[in-house]
Amino acid sequence: MHITDKSTGPRGDFELRVYRAGELVEAFVERNLVVDKARDSHARLIGGDGAGKQVNRIAFGTNGAGPYPADTAIGAAYTKALSGHSYPAGNQVRFDWALSTAEANGKQIREFGLICADGTLYARKTRAAIEKTDDMSLEGSWTITF
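Cut-off values and rules
- Residues numbered from 1 in each chain as written.
- Predicted model: local features only at pLDDT ≥ 70, side-chain atom pairs only at ≥ 80, totals over all residues.
- Heavy atoms only, no water.
- Core = buried A, V, L, I, M, F, W, Y, C linked by side-chain atoms within 4.5 Å.
- Buried < 20%, exposed > 50% of the residue type's maximum accessible area, 1.4 Å probe, protein only.
- Helix = DSSP H or I, 4+ residues; strand = E, 2+ residues; numbered from the N terminus.
- Contact = heavy atoms within 4.5 Å.
- Pairing = 2+ DSSP bridges.
- Axes fitted to C-alpha atoms, helices over the stretch in contact; angles between N-to-C directions.
- 1 Å grid on protein atoms, 1.4 Å probe; cavity = no way out; pocket = protein on both sides within 12 Å on 5 of 7 lines; lining within 4 Å.
- Points joined across faces, edges and corners; volume = space filled by probe spheres on them.

(A) Local environment of the nonpolar core. Judged by nonpolar contacts, the single largest core of 26 residues is most densely connected at Leu16, Trp97, Phe112, Leu114, Tyr122, Leu138 and Trp142. Looking at this core, the elements that each hand over two or more residues are β1 (11–20), β2 (23–34), β3 (55–61), β6 (92–99), β7 (108–116), β8 (121–131) and β9 (136–145). Not counting the four nearest positions on each side in its chain, tyrosine 122 is found in contact with Pro10, Val34, Val35, Ala38, His42, Val55, Leu114, Cys116, Ile144 and Phe146. Judged by nonpolar contacts, the second largest core, of five residues, contains Val35, Ile74, Ile115 and Leu121.

(B) Local environment of the sheet that holds β6. Spatially, β4-β3-β7-β8-β2-β1-β9-β6-β5 is the arrangement adopted by the nine strands of the open sheet, whose pairing is antiparallel. Either end of the sheet is taken by a strand with one partner, and the two such strands are β4 (78–81) and β5 (84–86). Here the average twist between neighbouring strands, direction ignored, is 20°. Across ten bridges, β1 lies against β9 in antiparallel orientation. Residue pairing across strands places leucine 16 opposite glycine 140, the latter belonging to β9.

(C) Structural view of the pairing of β7. With seven of its nine residues buried, β7 lies for the most part within the structure. Judged from the six bridges that link them, β3 and β7 form a sheet pairing that is antiparallel. Bridging across to β7, isoleucine 58 finds its partner in leucine 114. The sheet contact formed by β7 and β8 spans seven bridges and is antiparallel.

(D) Spatial organisation of the side chain of lysine 80. You can see lysine 80 is positioned in strand β4. If sequence neighbours within four positions are ignored, lysine 80 has contacts with Asn56, Arg57, Ile58, Phe60, Ala98, Leu99 and Glu103.

(E) Representation of the layout of surface pockets in the model. Roughly 240 Å³ of volume is contained in the largest pocket. Counting residues per element, the ones that place at least two in the lining of the largest pocket are α1 (37–47) and β6. In terms of residue count, the dominant contributor to the lining of the largest pocket is α1 (three residues).

The values reported here are purely geometric and, on their own, carry no functional implication.
Rendered as structure tokens:
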């Protein structure tokens, strides 16, 4: 018998919608980096020692340097709880998030991160700066596929 595993580890798909004064001004979906520390989180969750390893927050940061597998933090992060999560397929978890007009105003958002309960960075996405103002809100989802 020959068994082939074609997986390359978890993959992330990041969806972002930007609203200004309630009108959609930008939307996109792109792949993101699931960082090396995520492997430790998976191993501990499966082994039953995963206290604190569940993803429960999103961070908005200022570091525009491209993502790297060894990344461990989001720069000058504004962090908040996720809006919720769901399981769109048997091998996926989708994390929903939102940033209101009252949050992170004045921040030049260049990066996003999924954060575990113990503070471990799970995934990171960078992009061109969004100059967050009080008439702007952001929302989206982050789907991890195994």
